[in-house]
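Structural description and commentary
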Amino acid sequence: MVDLAELPYCMACGLAATRHRVVVGSGPSVPGLVVVGEAPGRSEDEGGEPFVGRSGQLLVRLIAEELGLTRSQYFVTNVVKCRPPQNRTPRASEVATCRPWLDAQLTQLNPGAILAVGNVAARAVFGFAEGVSRTHGRLGHYGGVPGVATYHPAAALRGGPHVVTVMRADLAVLRGLVA
Ligand code: URA
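Residues numbered from 1 in each chain as written. Predicted model: local features only at pLDDT ≥ 70, side-chain atom pairs only at ≥ 80, totals over all residues. Heavy atoms only, no water.

1. Details of the pairing of strand E1 (residues 33–37)
A regular strand carries its side chains on alternate faces of the sheet. Summarising burial for E1: 5 of the 5 residues are buried, a large majority. Side chains Leu33, Val35 and Gly37 of E1 all project onto a buried face; the interleaved residues Val34 and Val36 project onto the opposite face, where all are buried too. The pairing of E1 with strand E3 (residues 113–117) spans 4 bridges and is parallel. Among the inter-strand pairings, Leu33 is bridged to a residue of E3, identified as Ala113. Of the pairings in the sheet, the one linking E1 to strand E2 (residues 75–78) comprises 4 bridges and is parallel in character. Its bridge partner being in E2, Val35 is matched across the sheet by Val76. (Buried < 20%, exposed > 50% of the residue type's maximum accessible area, 1.4 Å probe, protein only. Helix = DSSP H or I, 4+ residues; strand = E, 2+ residues; numbered from the N terminus. Pairing = 2+ DSSP bridges.)

2. Considerations on the sheet that holds E1
Working definition: the strands of a sheet are paired by backbone hydrogen bonds and lie parallel or antiparallel to each other. Strand order across the open sheet formed by 5 strands is E2-E1-E3-E5-E4, with mixed pairing between neighbours. Each end of this open sheet is capped by a strand with a single partner; those strands are E2 and strand E4 (139–142). The sheet shows a mean angle of 30° between the axes of neighbouring strands, direction not considered. Its contacts with the sheet put helix H7 (residues 161–174) on E1, E3 and strand E5 (145–150), and the angle it makes with E5 is roughly 175°. (Axes fitted to C-alpha atoms, helices over the stretch in contact; angles between N-to-C directions. Contact = heavy atoms within 4.5 Å.)

3. Some points on unusual backbone geometry
Within the chain, Asn87 stands out as a residue other than glycine whose phi angle is a positive 55°. Position of Asn87 among the secondary structure elements: in the loop between E2 and helix H3 (92–109). Judged by relative accessible area, Asn87 falls into the partly exposed class, the value being 44%. For Asn110, which is not glycine, the phi dihedral falls at a positive 45°. The residue Asn110 is located in the loop between H3 and E3 in this model. Classification of Asn110 as exposed rests on a relative accessible area of 55%.

Below, the structure is given as structure tokens:
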């Protein structure tokens, strides 16, 4: 098992050369819910905090409205901890190299439930082979921890109110799972 204290200094893949900050994640040490995104964007790379940009703000608002949780009540992180250049989708090799950090976090946090946002997170956390357009709202498991996948909020910013409505319904599945 990797030592999470070393994560801020990771040089294990090529993203280390272009990142400004390793975005480890933030939230309570014993969370009812862990939210897993894809990878940091520009705002996150600059500030070191996950989901602080436009799409993150939308996600935080939807979680507040559907689950009654404020940002400080759940843990937020990403599958890949460093920003891919131009926000490209992380490569399979980058996901694989970063995977031990996510596994260590989820093992340590041992949450009541997990929300995976977007295809990369849904595949990495729940092993869903199909994309979120097919798997959103479906109950998945990480070890013994239940959870659901939904669209990435960036898709909602592009796709509009219909995507937001679907995300709200997916979040509703988490009610009752979040301790
Ligand atoms: N998108 C993500 O998937 N994660 C972030 O932290 C920010 C944007």
